[in-house]
Amino acid sequence: MFGNDYLEDHGVWLTFGEFTPDSLLFMEIVLPHLLDAMEHADYHGRDWQTLPCALPFTRLGQWRCNVRRQVLCWAVIKETQRGERLLFPLEAPWYGSFKPLAEANAIVALPMNKAVIPLGEPLPHMLLSNAALPQVSEEDLARIEAAKAALAAEQARRAELAALPPLPMAQAWAQLEAWLKQEEPALLRSLGKPASPEALAELEAKLKLSLPDDFKAALSVHDGQKGEEPLFEGEFFLSTKGVLSQWRTWTKLMKSPDMAECSGAPDEGIRPDWFHPAWIPFTHDGMGNHLCLDLDPAEGGQVGQIIRVWHDDDERQLIAPSFAVWFSRFVRSLPNEDEAAPGVAEHAG
């Protein structure tokens, strides 16, 4: 398919793959419609209209490498009898298949870092024609109701798991290793060797902070990971050296005069900073975003809580009260043999 990025002047940059027939087909059939839509519509660029995703959508096949960037895909927008519009992204085709092109009446932008687009996710889209929209079928409605029921069941299951006490770190790693051995052996091989006590002490000395015992216990089993596939839902697990490197990058950045006026929009219990020296990154998505240990929380927070830090967004979100709780939730979310993976396996497609 093709990727995109938006520029401040609302231009669109299209990057084609190596398959010339697909590129020529796009240029011949779709590009004129797209340019015409941008010429005459009231929306373009960053201001595309949005609709909720009608069904969960999983990127497959050729899209595996695109999880860490926004991509465009074909979509069908349908209309209910009440006039409500529903958006259905189409699966990436096998090369040489024109079925999605024949069905599509829209282009939709899929967000970064999500291999699975959940039900109801707002997605920017652009219609390719002014023709009447197809009607939502009874089969479509049945699939939507089934997806809603599955989502409610999954939310209930996650709430039940969240109420459980955290697993001992050795047990949590053992469960994760067993799952990876069966489902993702390459990820298992990417895990690092145990961090030595000396390496952990050196990291604390250079950070000038004491790390939580649960986090040090995790690194004492596996000192991060190597390789090209992320372990944690689109994010790589940082080693002791990786933690220090990312922390130094952020602390150096915050000394820049350009960052002097930057502040965050935090959840309760988190300082209103863009970045704080006591925020210790332990994951990295390859685009400057992290999960961090918060070792100096605001009033109402908890030392060692897990927060989300974005490089280009001021939201600072509370994710979990501790590393042990966060890690246990992740491990417990791994699917049984007959379930679709909500965690690691989201990035196997």
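Structural notes, computed from the coordinates. Please read these numbers as outputs of a predicted model, since none were measured by experiment.

Concerning the pattern of salt bridges
1) Next: Summed over all chains, the structure comprises 10 salt bridges.
2) Next: With its nearest N and O atoms 3.2 Å apart, the salt bridge here joins R157 to E154. With a gap of 3 residues between them, R157 and E154 both fall in helix 3 (residues 138-162), about one helical turn apart.
3) Next: Judged by its relative accessible area of 23%, R157 is partly exposed.
4) Next: We classify E154 as partly exposed; its relative accessible area is 23%.
5) Next: The closest approach of N and O atoms between E235 and R308, which form a salt bridge, is 2.4 Å. Within this pair, whereas E235 is found in the loop between helix 7 (213-219) and strand 10 (236-237), its partner R308 is found in strand 15 (residues 305-309), the two being separated by 73 residues in sequence. Residues E235 and R308 agree in their burial class; the two are buried.
6) Next: In the salt-bridge network here, residues are joined through shared partners; they are K78, D140 and R143.

Some remarks on the sheet that holds strand 12 (residues 279-281)
Sheets are built from strands that pair by backbone hydrogen bonding, the pairs being arranged parallel or antiparallel.
1) Next: Spatially, 11-16-15-14-12 is the arrangement adopted by the 5 strands of the open sheet, whose pairing is mixed. The open sheet has two free edges, formed respectively by strand 11 (265-266) and strand 12, since each of these has just one partner strand.
2) Next: Examined bridge by bridge, strand 11 and strand 16 (residues 315-320) share 2 bridges and lie parallel to one another. In the strand pairing of strand 16, A265 is matched with E315.
3) Next: Sitting on the sheet, helix 8 (residues 240-253) touches strand 12, strand 14 (290-294) and strand 15, and the angle it makes with strand 12 is about 130°.

Focus: the pairing of strand 14
1) Next: The buried fraction of strand 14 is high, at 5 of 5 residues.
2) Next: Residues H290, C292 and D294 point to one face of strand 14 and L291 and L293 to the other, with burial holding for every one of them.
3) Next: Pairing between strand 12 and strand 14: 3 bridges, direction antiparallel. For I280, the partnering residue across the bridge sits in strand 14 and is L293.
4) Next: In terms of strand pairing, strand 14 meets strand 15 through 5 bridges, oriented antiparallel. Considered in strand 15, the bridge of L293 is made with I306.

Topic: the nonpolar core
1) Next: W173, F215, L293, F323, W326 and F327 are the most contacted members of the largest nonpolar core, which has 49 residues in total.
2) Next: Elements with a minimum of two residues in this core: helix 4 (169-183), helix 6 (197-207), helix 7, helix 8, strand 12, strand 14, strand 15 and helix 9 (323-332).
3) Next: In terms of residue count, helix 9 provides more of this core than any other element does, 7 residues in total.
4) Next: With residues up to four places along the chain from it excluded, the contact list for W326 reads F232, F282, L291, I306, I319 and A320.

Observations concerning the packing of aromatic side chains
1) Next: Summed over the entire model, instances satisfying the criterion amount to 16 aromatic pairs.
2) Next: Geometrically, the ring pair formed by W173 and F327 is tilted, given 4.9 Å between the ring centres and 55° between the ring planes. Linking W173 in helix 4 with F327 in helix 9, this pair joins segments that are 154 residues apart in sequence. F327 shares its class with W173; the two are buried.
3) Next: Between F232 and F327, the aromatic rings sit 6.1 Å apart at their centres with planes inclined by 85°, giving edge-to-face as the arrangement. Of the two residues, F232 is situated in the loop between helix 7 and strand 10 and F327 in helix 9; the sequence distance between them amounts to 95 residues.
4) Next: By relative accessible area, F232 is classed as buried at 2%.
5) Next: On the basis of relative accessibility, which here comes to 1%, the residue F327 falls in the buried class.
6) Next: Taken together, the aromatic side chains of W173, F215, F232, F237, F282, F323, W326, F327 and F330 make up a single cluster linked through ring pairs.
7) Next: One cation-aromatic arrangement involves K78 over F88; the distance from NZ or CZ to the ring centre is 5.2 Å.
8) Next: Sitting over the face of the ring of W274, R316 holds its NZ or CZ atom 4.8 Å from the ring centroid.

Scoring rules and cut-offs
- Residues numbered from 1 in each chain as written.
- Predicted model: local features only at pLDDT ≥ 70, side-chain atom pairs only at ≥ 80, totals over all residues.
- Heavy atoms only, no water.
- Salt bridge = Lys/Arg side-chain N within 4 Å of Asp/Glu carboxyl O.
- Helix = DSSP H or I, 4+ residues; strand = E, 2+ residues; numbered from the N terminus.
- Buried < 20%, exposed > 50% of the residue type's maximum accessible area, 1.4 Å probe, protein only.
- Pairing = 2+ DSSP bridges.
- Contact = heavy atoms within 4.5 Å.
- Axes fitted to C-alpha atoms, helices over the stretch in contact; angles between N-to-C directions.
- Core = buried A, V, L, I, M, F, W, Y, C linked by side-chain atoms within 4.5 Å.
- Phe/Tyr/Trp six-rings, centres within 6.5 Å; stacked < 30°, edge-to-face > 60°.
- Lys NZ or Arg CZ within 6 Å of the ring centre and 35° of its normal.

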